Structure formats: C-alpha cells, structure tokens
Amino acid sequence: MKTYCFYLIAMALIVLSACAEKRPVSISQSHRPPESVPETGRPVPDQRTEPGDSAVAGKGEDQNPLLTAVRPVQRLRPKALTRMIKNAENQLSRRQPQLAFSTLEQALYIDGQDPLVWHLMAKAQLDQGNIVQAVSLAKKSNSLAAAYPEVKEKNAALIRKAQGRAD
C-alpha cells in the first residue's frame, strides 16, 4: 500500500509539472563578454578610460602584472620522461628511428603534452622517409610549444627539410 501511494504521488507531481505554465527566463545583462580577448603571451591593452591616469603612465608592461596576459610556462619533466627522451635521441643518432619512435610512443603515456616528444617523433618519421607524418607531428609539436621557442625553431627547420625532400 505504501508503494502504491508513493507511485500515485510521484505521478501526480509529474502531471502537475507538465501542466505548469512555461515562462521564458530572462538572462541578466550585468555580465557582458569583453570586446576583445588578448592572445596568450601578448600585452593586454589598458582598459581604463581616464586620460590623465598617472598610475599606469610611468610603469612598463613587465612591472604591472595586470597589464600582461598569462604567459605560458615551461613545465618540469619527470625523470622517467627525461630518460626516455635521452634514449630516443641516442637511438636517433645511431640511426635507429623505429626504435626511437617506439620509445617516444611510450613517453606519450607519461606526458602527451610535451612538445619535445612530438618533435622527436616527427624527426624519427622523417628519418624513416614518412614525410607527411613527420610534418603532421611537427605541427602537433608546434601547437604545444608556446613556452618552448627552441622547439618551435627545430620544428620549422624539420618542416623545411621535409618540404625539401618532397620536392
């Protein structure tokens, strides 16, 4: 009997909620998105409109953290990942690109966001003659290398080298 009453009450609530008046809910206009969003690593324009604001006039961008966007920071690599990268570099120097590639695939399980791992995978693919895959991996590495300008330079050189081989 108790179960029957529970189901009866639940059904009544469902029917009543279905019959309830549907009203549109207005969204508050107090929060508006910014007019422009700065790119990562670029200075944020001063949002103040006061012409004689001396608080900002004498300071450089680096001194005022509110006027700079979030800059990407290099992360520390785990020791196991560092060892795997060194092993892969040694394997590449000994002309063992397949072995290096498999080592780097294992390294992805430790940190799939490390741009150096992706760069070395691209290098291994290029050494094997897989130009399209090498360029694709170098581009993936570039997408992760915001805090690593030296990796971006290596990727650019690798892409140029791959395009030279393709011609």
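Reading guide: rules and limits
Residues numbered from 1 in each chain as written. Predicted model: local features only at pLDDT ≥ 70, side-chain atom pairs only at ≥ 80, totals over all residues. Heavy atoms only, no water. Patch = residues over 30% accessible without salt bridge, like charges linked within 9 Å, V, L, I, M, F, W, Y side chains within 5 Å. Areas by Shrake-Rupley, 256 points an atom, 1.4 Å probe, with all protein chains shown as cover. Salt bridge = Lys/Arg side-chain N within 4 Å of Asp/Glu carboxyl O. Helix = DSSP H or I, 4+ residues; strand = E, 2+ residues; numbered from the N terminus. Core = buried A, V, L, I, M, F, W, Y, C linked by side-chain atoms within 4.5 Å. Buried < 20%, exposed > 50% of the residue type's maximum accessible area, 1.4 Å probe, protein only. Contact = heavy atoms within 4.5 Å. Polar contact = N/O pair within 3.5 Å; in protein donor to acceptor, adjacent residues only side chain to side chain. Axes fitted to C-alpha atoms, helices over the stretch in contact; angles between N-to-C directions. Parallel < 35°, antiparallel > 145°, perpendicular 65-115°, else oblique. Left-handed = near helix turned anticlockwise from the far one by under 90°. Phe/Tyr/Trp six-rings, centres within 6.5 Å; stacked < 30°, edge-to-face > 60°. Lys NZ or Arg CZ within 6 Å of the ring centre and 35° of its normal. Expected span 1.5 Å × (residues − 1). pLDDT = per-residue confidence, 0-100.

Our focus in this paragraph is a nonpolar patch on the surface. A cluster of nonpolar residues, M1, Y4 and L8, forms a patch on the protein surface that exposes about 420 Å² of accessible area. Looking at the secondary structure, you find L8 in helix 1 (residues 2-19).

By size, the foremost hydrophobic cluster in this structure holds 29 residues, and its most contacted members are I85, L104, V117, L120, M121, L137 and L158. Contributing elements (two or more residues each) for this core: helix 3 (79-93), helix 4 (97-110), helix 5 (115-127), helix 6 (131-144) and helix 7 (149-166).

Now for the environment of Y148. For Y148, the position within the fold is in the loop between helix 6 and helix 7. Residues Y148 and Q74, spaced 74 residues apart in sequence, show a C-alpha to C-alpha distance of 7.0 Å. Setting aside anything within four residues of it in sequence, one finds Y148 in contact with Q74, R75, R77 and P115. A polar atom in the side chain of Y148 sits 3.2 Å from the backbone nitrogen of R75.

Right, let's talk about the packing of helix 3 against helix 5 for a bit. Relative to each other, helix 3 and helix 5 sit at 20°, their axes nearing to 11 Å. Taken together, helix 3 and helix 5 sit at an angle that is classed as roughly parallel. You can see that helix 3 and helix 5 cross each other, and the crossing is left-handed. Two secondary-structure elements touch here, helix 3 through L81, I85, E89 and L92 and helix 5 through L116, V117, L120, K123, A124 and D127.

Applying the stated criterion across every chain yields a total of 0 aromatic pairs. When the ring centre of W118 is taken as origin, the NZ or CZ atom of K140, which lies over that ring, is 5.3 Å away.

Taking 1.5 Å of rise per residue, 13 residues should cover 18 Å, and helix 5 covers 18 Å from first to last C-alpha, within 8% of that figure. With 11 of 13 residues buried, helix 5 lies mostly within the body of the structure. Here helix 5 has its buried residues at P115, L116, V117, W118, H119, L120, M121, A122, A124, Q125 and L126. N-capping of helix 5 is provided by D114, with a side-chain oxygen placed 2.9 Å from the backbone N of L116. After helix 5 finishes, the residue G129 shows a positive phi value of roughly 90°.

Our next topic: the pattern of salt bridges. All told, the structure shown has 2 salt bridges when counted by the stated rule. Among the salt bridges present, the one from R75 reaches D111, with a minimum N-O distance of 3.1 Å. One end of the pair, R75, is in the loop between helix 2 (54-57) and helix 3; the other, D111, is in the loop between helix 4 and helix 5, and 36 residues separate them in sequence. R77 is the salt-bridge partner of D114, the closest N and O atoms lying 2.5 Å from each other. Placement of D114 in the loop between helix 4 and helix 5 and of R77 in the loop between helix 2 and helix 3 is noted, with a sequence separation of 37 residues between them. Among the residues examined, D114 registers a relative accessible area of 2% and is labelled buried.

Moving on to the confidence of the model for the protein. On average, residues of the protein carry a pLDDT of 79, and 67% of them reach 70 or more. Confidence drops under a pLDDT of 50 for residues 47-61, and excluding neighbours within four residues, the segment shows 8 contacts in the predicted structure.

Time to look at unusual backbone geometry. For R95, which is not a glycine, the phi torsion comes out positive at approximately 60°. Under the relative-accessibility criterion, R95 is labelled exposed at 77%.

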